[in-house]
Amino acid sequence: MTPQGAGVGVRAVTGRPGAVIESGLNPRSTPVPVTTAPKISAALAAAALLTVGLFAQTAGAAVAQNPWTAAGTVADVAGVQATGTWIAAAEIHTYSVGATVKDTADDGRGARVNIRSRSRDGGEVLTSVSASGQGAVTKDSFTLIGPVTVQECLTDGGVDVVCGQPFRII
C-alpha cells in the first residue's frame, strides 16, 4: 500500500508466481492477481465498445420510421384501409405521425381514419384523414402528443356511420 501522505497509487508486486496488484484507493479492496489484470482490461475494453455500439444503435433507432396499420385490429372496418408511420420527435412524448387512408369499397360511402392524441393541457385531440370513392387515397402527417390511437370509419355525407374501436399505436 502507499504510505500516508504519498498520494494514491497502485503498487505491482511482480517477479514471482502469484504476484498481485494492490490499490491504495480502498484499504478494504481485494488484491488482484497480475495474471487477471489483462483479463480485466480486455473486459473493460469490450464493455466500452458495447456501450458505444448501444449509443450508436439507439441514435439510429431514433430516426427510424415505425409502421402502423389498423388491419386485423379492433379498429379495422371493411371498406377502409388505414396505415401509416410514426417517429419519436425530439420533445418527450411527442411524435410525427403519418397517416394514409384508402376507400376500398364501391359502396357509396367514404373512408376515414380518426387519430386521437393528447393536447398540452391533457385534453383529447381528434384529427381525421378522409378519402371518398373506391380507390381514393389521402395522406397527411401530424405532430402529436402520445398516447396515440387510430380508428377506421365508414362515412356517409362526411359523417362517421360505422367505426371500429380505437387502437393504440403509440
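Everything discussed here concerns the structure shown above.
Residues numbered from 1 in each chain as written. Predicted model: local features only at pLDDT ≥ 70, side-chain atom pairs only at ≥ 80, totals over all residues. Heavy atoms only, no water.

Enquirer: Looking at this model, I keep getting lost on unusual backbone geometry. Mind explaining?
Expert: Across residues other than glycine, the phi torsion is negative in most instances, and most of the peptide bonds are trans. With omega at 0°, the peptide bond leading from Gly146 into Pro147 counts as cis. Here Pro147 lies in strand β9 (residues 137-156). Positive phi, normally seen in glycine, also occurs at His93, with a value near 65°. By the secondary structure assignment, His93 is in the loop between β5 (80-88) and β6 (94-103). (Helix = DSSP H or I, 4+ residues; strand = E, 2+ residues; numbered from the N terminus.)

Enquirer: Before we go on, may I ask you to explain the packing of aromatic side chains in this structure?
Expert: Any pair of aromatic rings gets described here by the distance separating the centres and the angle formed by the planes. A full pass over the atoms with the stated rule returns one aromatic pair. Between Trp86 and Tyr95 the ring centres are 5.5 Å apart and the planes differ by 85°, which places this aromatic pair in the edge-to-face class. For the pair formed by Trp86 and Tyr95, the shared burial category is buried. (Phe/Tyr/Trp six-rings, centres within 6.5 Å; stacked < 30°, edge-to-face > 60°. Buried < 20%, exposed > 50% of the residue type's maximum accessible area, 1.4 Å probe, protein only.)

Enquirer: Just to check I follow, could you spell out the pairing of β9 for this structure?
Expert: Remark: a regular strand shows side chains that alternate across the two faces of the sheet. With nine bridges connecting them, β6 and β9 associate as antiparallel partners. Within β9, the residue paired with Gly98 across the bridge is Ser141. In this structure, strand β7 (residues 110-118) lies alongside β9, joined through eight bridges in antiparallel fashion. Pairing of Gly110 across the sheet is with Thr155, part of β9. Pairing geometry for β9 and strand β11 (residues 167-168), over two bridges, is antiparallel. The residue of β11 that forms the bridge with Val150 is Phe167. (Pairing = 2+ DSSP bridges.)

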